[in-house]
Amino acid sequence: MNMKTRLALAVVCLTIPLTASNLAIRRSSEQAAAPAPPPPLTARETVALRLREDIAAMQAFRPGYSFWRHVFTIPDGSIAFGSAVDGRLLATFPAKGDWSRQTVWSDPAFARTLEGQSLARKVSERRAQVAMLMERAGGPVLHNSTRGDALLMNAPRYGEFLAEWSAIYERFGVPADVGLAQVILESGLSATRRSNANAVGFCQWQRKNWKRLGYFSSFSIQEKNQTTQAPYCAAYLSVLATKYGSFIPALSEHNAGGTNVGRMLIAGEHLGGGDVRTRYLLGSRFARDIRTLPGKDYEQVHGSYGIRSYLYAEMVFGNALNVSQLTASMSQVSIHAMRTPRVISLTEIVKRTGLPAHEVRRFNPALVDRVPAGGSLYLPSYVAEFGPDVTFWRLPASPAYVAVLDDFMRLEPGAERWDDPAFAPVLADFKRRFGETNTEEGLVMETVLAYAMDQAYTSSRRTLLAEYRNNAAVRSLIDRGLLERDAARITPVAPPGLHSTARDPQR
């Protein structure tokens, strides 16, 4: 090798580490310049995003949902008609009376709709007839018997507690307006309301469910006290909303049950729905439509999912505005909670506080003559001799609880995955972590997760939904029902609009 060749080789050898060094510097610089990944969402941010997407879905699929705020604030005894396009109230007719003379027209543009018309004698036929006339005049309508008596009767007594109850719901990651709108719908804020199905109180859980929840709780649950119910109602709605990734199917599970909601999601997926909201809203609309078709051919598809199930989330979201307006319109009072170490009589409470018995019972509707040991006593101020202060919602949330709630609400949603026993260890770990926060709200979440796991893993829901998803006959019925529904729309078998309220969901 001559001298010239040796020199060239040496230059190459010297430039290799220099080039590698420059490349490393450039890569390091590029990596430093790359934006850092955004921090994970907090529970508050997750809820805000979830709510925005839910409202957008409601506006896309059920744009008239705000109509229901009128239904639950107008006294019973009327029939309200509203726009299915934007929810505004159009007219209110008397359930019994002369519709041509006793109608209150909220939108004057419709005031002459009935002029020259001979109205049917039967109220059901008259409603369908008026709906058809109003739709000709201004687009699709919704109509329903008014249901305002419950709220109008209870708001003067309990409306002053709404701010406190709002704080409870928000501590569990549930928007107060949504959570308490469900309460307006279910009980009108009453603690003692009882349904024909033996559901009681604030958010109308069945007695057997309260008893089962009490089995997992460390404390006595007095289900006829609203302030006792509120944390459990909120926590369970939070768990369901995290399971689905949306409050819409979560609310509907409360009314229709998890199996029915699962059917709607599967049907909606078959109909082309991409995300959970679209799948649920497509599936629920399809179930509503095929129920109006003659015969019972499609019962295997819609199951017991009825018109009230279809409307449930819509009615809750429609009532959300009522919550904020009612709260703002009334002075608000404080609620303080004490965990009773012993039995405390009503007589002792009255004597110690100076409050009249009816005022003590306003805070504690479950109280007959005494509060049990290990129960909760609610008063407008704290009384140390009645037990330790457990008014968690009036204090800042502990960092430990916030951290666990943040992590929990970041769980990937998926109803069928959550119902799989393979997912149980994930929920069990969160149950443990919530309990280890040693907070009141953490203990509630621990109890509710135990209850939710019991509901999921001891029922036949997972098997039923797996059979539904894999059933060729069900898929065939969905395809056939879609064709029959569309054909019925071309040649209507009922007046337009009748399908929207063929039955009152509150009856």
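Conventions and cut-offs
Residues numbered from 1 in each chain as written. Predicted model: local features only at pLDDT ≥ 70, side-chain atom pairs only at ≥ 80, totals over all residues. Heavy atoms only, no water. 1 Å grid on protein atoms, 1.4 Å probe; cavity = no way out; pocket = protein on both sides within 12 Å on 5 of 7 lines; lining within 4 Å. Points joined across faces, edges and corners; volume = space filled by probe spheres on them. Helix = DSSP H or I, 4+ residues; strand = E, 2+ residues; numbered from the N terminus. Nonpolar A, V, L, I, M, F, W, Y, C, P; charged D, E, K, R; others polar. Contact = heavy atoms within 4.5 Å. Salt bridge = Lys/Arg side-chain N within 4 Å of Asp/Glu carboxyl O. Buried < 20%, exposed > 50% of the residue type's maximum accessible area, 1.4 Å probe, protein only.

A. Summary view of empty space enclosed by the protein. If you walk through the whole model with that rule in mind, you get 3 cavities of 30 Å³ or more. Its boundaries defined by the atoms lining it, the largest cavity holds a volume of some 220 Å³. Together, 21 residues line the largest cavity, and Tyr232, Arg339, Ser376, Glu440 and Val444 are the ones closest to its centre. Those elements giving two or more residues to the lining of the largest cavity turn out to be α9 (226–244), β7 (336–339), β10 (376–379) and α20 (440–457). Looking at the lining of the largest cavity, the element that brings in the most residues is α20, giving 5 residues. Here the residues of the lining of the largest cavity sort into 11 nonpolar, 7 polar and 3 charged. In this model, the second largest cavity occupies a volume close to 120 Å³.

B. View of the side chain of Asp54. On the secondary structure map, Asp54 appears in helix α2 (residues 43–61). When residues no more than four places from it in sequence are discounted, the contact partners of Asp54 are Ser246, Phe247, Ile248, Arg277 and Phe317.

C. Structural detail: the pattern of salt bridges. This structure, assessed with the given rule, holds 32 salt bridges. Arg277 is the salt-bridge partner of Glu53, the closest N and O atoms lying 3.3 Å from each other. Within this pair, whereas Glu53 is found in helix α2, its partner Arg277 is found in helix α12 (residues 276–291), the two being separated by 224 residues in sequence. Given a relative accessible area of 8%, Arg277 falls into the buried group. With a closest N to O distance of 3.0 Å, Asp454 and Arg212 form a salt bridge. Of this pair, Asp454 sits in helix α20 while Arg212 sits in helix α8 (residues 207–216); the two residues are 242 residues apart in sequence, bridging distant segments of the chain. Of the residues examined, Asp454 reaches a relative accessible area of 13% and is grouped as buried. Here Arg212 falls in the partly exposed class, since its relative accessible area comes to 31%. Via salt bridges that share partners, Lys243, Glu253, Asp419 and Arg461 belong to a single interconnected network.

D. How the structure looks around the environment of Met409. Summarising the element assignment, Met409 is placed in helix α17 (residues 399–409). In this structure the C-alpha to C-alpha distance between Met409 and Ser238, which are 171 residues apart in sequence, comes to 8.5 Å. Apart from residues no more than four positions distant in its own chain, Met409 is found in contact with Ala43, Thr46, Val47, Arg50, Gly173, Ser238 and Thr242.

Nothing here speaks to function; it is all geometry.
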